[in-house]
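# Observations on the three-dimensional arrangement
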Amino acid sequence: MVKIDPNKPLPDHTKLRYEECYAKVFLEYFYPNEFCNLIIQDKPDLYDCKNDIGIEVVEAEEQRKKEAVKLWYTMPYVSEQEKVKNKDRMKQLGEEYMGGFQVWSTISYDKDIDSKPFKVLYAVLNRKLQKLKTGNYKLCKSYELFIYSELMIRKEWHEKMLARLIDISTKYSLKYEQIHIATQDSLCLYNIQENTFKFCDITEKQKELAFQARKLVERGEDE
């Protein structure tokens, strides 16, 4: 059992993954008519027993940035020797440590949905579709995918993003009927089956719901 200090970042390995708890909390809050009491399990990560829907949860974040961010937010909790090493590592990753308030290197979205940050998302989707067709998942009526990210998708890009996700999905016999993408400020839903999309602004509730997700992780250690 991992001992979680409520005043420190979550440890690396916990019984429940934070991303899965995040997906559960956000889906149940923003789509209460579609999702309630999602069960956290394995293959698929979340299960809606009422509608027999399996939901896989995956993170889409560049590894360089992910490592740098972790080094930054864990800095106050490591030894002085470790801090020196971690600051050097951040520099190697292209980020200069600035203390409590960090300014990160600029991310360019100059090519809208063809911008470099989205390459990770498309790679993740392809990888999950390949795994889905292996048949190693619980047999469900349908499957959906929740992608946890720090991406930015502008309103005028949603139609093109839907077309891109459908284009990727058509290469596979078994598809995710809906793909949810959590971004910096929105929860986007792309219905691959019906060729529709919608999105919710999550900025007002994001902090509160993220806190609830963390609490789920903490409670998971006591079960």
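By convention here, each chain's residues receive numbers from 1 onward along its written sequence. For this predicted model, a pLDDT threshold of at least 70 governs which residues receive local features, and a threshold of 80 or more governs which side-chain atom pairs are given and counted, while totals over whole chains, interfaces and linings are taken from all residues. In computing side-chain properties, one takes all heavy atoms of the structure into account and sets aside hydrogens as well as water.

Right, let's talk about the pattern of salt bridges for a bit. For this document, the term salt bridge refers to a Lys or Arg side-chain nitrogen within 4 Å of an Asp or Glu carboxyl oxygen. Considering all chains together, one arrives at 17 salt bridges under this definition. The shortest N-O distance in the salt bridge between Arg64 and Glu95 comes to 3.3 Å. Here the residue Arg64 occupies a position in helix H2 (residues 63-73), and Glu95 occupies one in the loop between helix H3 (80-92) and helix H4 (117-132), the gap between them amounting to 31 residues. Using a 1.4 Å probe on the protein chains alone, a residue whose accessible area is under 20% of its type maximum counts as buried, one over 50% counts as exposed, and one in between counts as partly exposed. For Arg64, a relative accessible area of 27% puts it in the partly exposed group. Through salt bridges with shared partners, one network takes in Arg17, Glu19, Glu20 and Asp45. Secondary structure follows DSSP: runs of H or I at least 4 residues long count as helices, runs of E at least 2 residues long count as strands, and numbering of each begins at the N terminus.

The subject of this paragraph is the sheet that holds strand E2 (residues 46-48). Strands sit in the order E1-E2-E3-E4-E5-E6-E7 across an open sheet of seven strands; the sheet is mixed. The open sheet has two edge strands with one neighbour each: strand E1 (39-40) and strand E7 (196-201). Two strands are said to pair when DSSP picks up at least two bridges between them. Where E2 meets strand E3 (residues 53-60), three bridges bridge the pair, whose relative direction is antiparallel. The residue bridging Leu46 from the neighbouring strand is Ile55, located in E3. Note on contacts: a residue pair qualifies if any of its non-hydrogen atoms lie within 4.5 Å across the two residues. Axes here mean lines fitted to C-alpha atoms, for a helix over just the part in contact, with angles spanning 0 to 180 degrees between N-to-C directions. Packed on one face of the sheet, H4 meets E3, strand E4 (142-149) and strand E5 (178-182) and runs near 145° to E3. On top of the sheet, helix H5 (residues 158-169) reaches E5, strand E6 (186-191) and E7; it is set at about 50° to E6, its chief contact.

Okay, the layout of surface pockets next. Computed from the structure, the second largest pocket encloses a volume of approximately 170 Å³. Here a cavity denotes grid points, spaced 1 Å and computed from the protein atoms alone, that fit a 1.4 Å probe unable to get out, and a pocket denotes an open set having protein on both sides within 12 Å along at least 5 of 7 lines; residues with an atom within 4 Å of a point are the lining. As for the second largest pocket, its lining consists of Glu34, Phe35, Asn51, Ile53, Lys141, Ser142, Glu144, Glu177, Gln178 and Asn191. Classification used: nonpolar for Ala, Val, Leu, Ile, Met, Phe, Trp, Tyr, Cys and Pro, charged for Asp, Glu, Lys and Arg, polar for all others including Gly. Split into classes, the residues belonging to the lining of the second largest pocket amount to two nonpolar, four polar and four charged. Grid points are joined across faces, edges and corners, and a volume is the space filled by probe spheres set on the points.

For E5, the buried fraction is high: five of the five residues fall into the buried class. Burial along E5 is two-sided: the residues Gln178, His180 and Ala182 and Ile179 and Ile181 are all buried. Two elements, E4 and E5, share five bridges in a ladder whose sense is parallel. Residue pairing across strands places Glu144 opposite Gln178, the latter belonging to E5. A crossover connection joins E4 to the parallel E5 through H5; in handedness this β-α-β unit is right-handed. Two strands pair when backbone bridges link them, and E5 and E6 are joined in this way by five bridges, in the antiparallel orientation. Within E6, the position partnered with His180 by the bridge is Leu189. Hairpin connection of E5 to E6: three residues between the antiparallel strands. Crossovers are marked right-handed if the path from the first strand over the helix to the second runs clockwise, as seen with the strands pointing away from the viewer.

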